[in-house]
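# Observations on the model geometry
Chain residues, written in single-letter form:
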Amino acid sequence: MKTKFAAFLPEIIRHLFKRPATVRYPFEKLQVPKDFRGTPVFDSAKCIGCMICVRDCPAEAIDIIRVEDVINPDAPDKPKKKFKMLLHNDRCIHCAQCVESCPTDTYIMNTDYEIAVFNRHRLKIEYK
Ligand code: SF4
Ligand code: SF4
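In this report, the structure presented in the accompanying data block is examined. Here the structure is a predicted model, which means the values were calculated and not measured.

### Here we look at the site of ligand 2
In the vicinity of ligand 2 lie 13 residues, with C47, C50, M51, C53 and C102 positioned nearest. Residue composition of the shell around ligand 2, by class: ten nonpolar, three polar and no charged.

If you want it as structure tokens, here you go:
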């Protein structure tokens with residue numbers, strides 16, 4: 001046992017003067033890397049309701065719902081359709097396929113990573 005401890009001693013002493021390799025989470029937090037994929041965020045002003053994101057989402061985590069038609073003063077006979085999005089974040093696998101697929105750049109991925117909850121139904125997010 002003594003021999004083993006002696007063999008490790010230089011290593012132990014070296015690490016006494018080294019900075020810790022980890023952070024004291026949750027008291028300290030690291031910056032997330034560039035292009036980190038958090039949770040999709042939907043901008044209803046850009047959505048045209050094409051449903052490509054719904055089709056491409058591998059987790060069936062997206063519902064796009066038509067809510068109303070907004071009259072365009074420049075073309076009153078062609079009202080703009082308005083959509084809201086329901087994200088089932090308990091199903092989302094944060095792959096960012098919706099960001100890739102959307103032809104109007106309606107989605108961005110935020111940098112949230114502390115999204116765990118005890119009740120999965122609280123993970124539903126409605127973007128109006
Ligand atoms: S990030 Fe992936 S799993 Fe989540 S909603 Fe978008 S396409 Fe679906
Ligand atoms: S792909 Fe984009 S524009 Fe089409 S329904 Fe989804 S969010 Fe709306």
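Structure shown, so let's carry the discussion forward.
### Topic: the pattern of salt bridges
According to the stated counting rule, one finds eight salt bridges in the structure shown. Residue E28 is joined to R24 by a salt bridge in which the shortest nitrogen-to-oxygen separation is 3.9 Å. Taking relative accessible area as the criterion, E28 reaches 37% and is therefore assigned partly exposed. Taking relative accessible area as the criterion, R24 reaches 55% and is therefore assigned exposed.

### What to know about the site of ligand 1
Of all residues adjacent to ligand 1, which total 14 residues, the nearest are C57, C92, C95, A96 and C98. Residues that form the shell around ligand 1 fall into these classes: twelve nonpolar, two polar and no charged.

### Section: the packing of aromatic side chains
One pass over the full model with this rule turns up three aromatic pairs. When the centroid spacing of 6.4 Å and the interplanar angle of 80° are considered together, the rings of F36 and Y113 count as edge-to-face. Here F36 is found in the loop between α1 (2-16) and β1 (40-42), whereas its partner Y113 is found in the loop between β4 (107-109) and β5 (124-127), with 77 residues between them in sequence. Residue Y113 is classed as partly exposed on the basis of its relative accessible area, which comes to 37%. An angle of 40° between the planes, with centres 6.5 Å apart, marks the rings of F42 and Y127 as tilted. In this pair, F42 sits in strand β1 while Y127 sits in strand β5, placing the two residues 85 residues apart along the sequence.

Procedures and definitions
- Residues numbered from 1 in each chain as written.
- Chains lettered and ligands numbered in written order.
- Predicted model: local features only at pLDDT ≥ 70, side-chain atom pairs only at ≥ 80, totals over all residues.
- Heavy atoms only, no water.
- Near = heavy atom within 4 Å.
- Nonpolar A, V, L, I, M, F, W, Y, C, P; charged D, E, K, R; others polar.
- Salt bridge = Lys/Arg side-chain N within 4 Å of Asp/Glu carboxyl O.
- Buried < 20%, exposed > 50% of the residue type's maximum accessible area, 1.4 Å probe, protein only.
- Phe/Tyr/Trp six-rings, centres within 6.5 Å; stacked < 30°, edge-to-face > 60°.
- Helix = DSSP H or I, 4+ residues; strand = E, 2+ residues; numbered from the N terminus.

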